[in-house]
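A closer look at the structure
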Amino acid sequence: MSEADLGDNFPSPLAGEGGPRREAVGGRGGALARARNLRRNQTDAEAALWRLLRNKRLLGWKFKRQQPIGPYVADFVCLSARLIVEADGSQHLDSAHDAKRDRWLESQGFRLLRLWNHEILTNSDGALSAILVSLQAAAGPSRPGGGRPSPQPSPARGEGVQDGPFHG
């Protein structure tokens, strides 16, 4: 029996059909597979917070959810502010694993904000206020509203101040 005779019994590989789906393994691939699973199985608090953060709804700040960072997966991260927001339940209280994870993420230049699921679900305004305070701390006083700083004028094109410390 030839493949032509079995044509209808084999799915078309060009259509992306057939065969088991390959799972990512090792390194970032393992974290990516975990992140996908976490996105599909989010908690009520994560879903509620994502509705408030997605599509730059919080004053234009861009967040990603269930984002792999090294060997870990952050619930929510604003990469431009290097801020990770974790929605935690009681299982995270005094967790040695979380402490180790937090130290590693902080060593990579991230700041962490942990919010209790109950707080997110019952006081979303308070949760958003805490996130904004953390974002504004990351932005610094020269970046109100969390926007990126404006580029400096180009001295090469004759723009900007001519009487600064580097101009005679």
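Per chain, residues are indexed from 1 in the order of the written sequence. The predicted nature of this model means local features are confined to residues of pLDDT at least 70 and side-chain atom pairs, given and counted, to a pLDDT of 80 or more, with totals for whole chains, interfaces and linings taken over all residues. Each side-chain value is derived from all of the structure's non-hydrogen atoms; neither hydrogens nor water enter the calculation.

1. Considering the pairing of strand β2 (residues 72-78)
When a strand is regular, its side chains alternate between the sheet's two faces. Definition in use: Using a 1.4 Å probe on the protein chains alone, a residue whose accessible area is under 20% of its type maximum counts as buried, one over 50% counts as exposed, and one in between counts as partly exposed. Helix and strand assignments follow DSSP, with helices taken as H or I runs no shorter than four residues and strands as E runs no shorter than two, numbered in order from the N terminus. One bridge is not enough; two strands pair if DSSP finds at least two bridges between them.
Of all the seven residues making up β2, seven are buried; the element is thus mostly covered by neighbouring parts of the structure. Note: strand β1 (residues 64-69) against β2, five bridges, orientation antiparallel. Residue pairing for β2: R65 is matched across the bridge by F76. Between β1 and β2, which pair antiparallel and follow one another directly, the connecting turn spans two residues, one of which, G70, has a positive phi of 60°. Across three bridges, the pairing between β2 and strand β3 (residues 83-88) is antiparallel. If you follow C78 over to β3, its bridge partner there is L83.

2. Details of the sheet that holds β3
For clarity, the threshold we go by: For helices, the axis comes from a line fit to the C-alpha atoms of the stretch in contact; other axes are also lines fit to C-alpha atoms, and the angle between any two N-to-C directions lies between 0 and 180 degrees. Two residues form a contact once any of their heavy atoms are found within 4.5 Å.
Ordered in space as β1-β2-β3-β4, the four strands form an open sheet in which the pairing is mixed. A strand with exactly one partner marks an edge of an open sheet, and here the two such strands are β1 and β4 (111-116). Within the sheet, the average angular offset between the axes of one strand and its neighbour, ignoring direction, is 45°. On the sheet, helix α2 (residues 44-53) packs against β1, β2, β3 and β4 and is oriented at approximately 35° with respect to β2. Of the strands in this sheet, β1, β2, β3 and β4 touch helix α3 (residues 96-107), which is tilted by about 145° from β4.

3. Re the nonpolar core
Rule in force here: Residues enter a nonpolar core if they are buried and are Ala, Val, Leu, Ile, Met, Phe, Trp, Tyr or Cys, with the set joined through side-chain atoms within 4.5 Å.
Counting 22 residues, the largest nonpolar core has L49, L53, F63, V85, I131 and L135 as the members making the most contacts within it. Of all the secondary-structure elements, those providing two or more residues to this core are α2, β2, β3, β4 and α5 (124-139). Excluding anything up to four places from it in sequence, L135 contacts L58, W61, F63, C78, A81 and L83. I69, A74, V77 and F110 belong to the second-largest nonpolar core, a separate cluster that totals six residues.

4. Observations concerning the confidence of the model for the protein chain
Segments scoring low in pLDDT should not have their predicted coordinates read at a detailed level. We count it as follows: Predictor confidence is given residue by residue as pLDDT, running from a minimum of 0 to a maximum of 100.
In this model, the protein chain carries a mean pLDDT of 75, and residues with pLDDT of at least 70 account for 61%. Below a pLDDT of 50 lies the segment residues 10-27, which in the model reaches nine contacts outside its immediate sequence neighbourhood of four places, other chains included. Counting interchain partners and residues more than four positions distant, the pLDDT-below-50 stretch residues 142-168 has 12 contacts.

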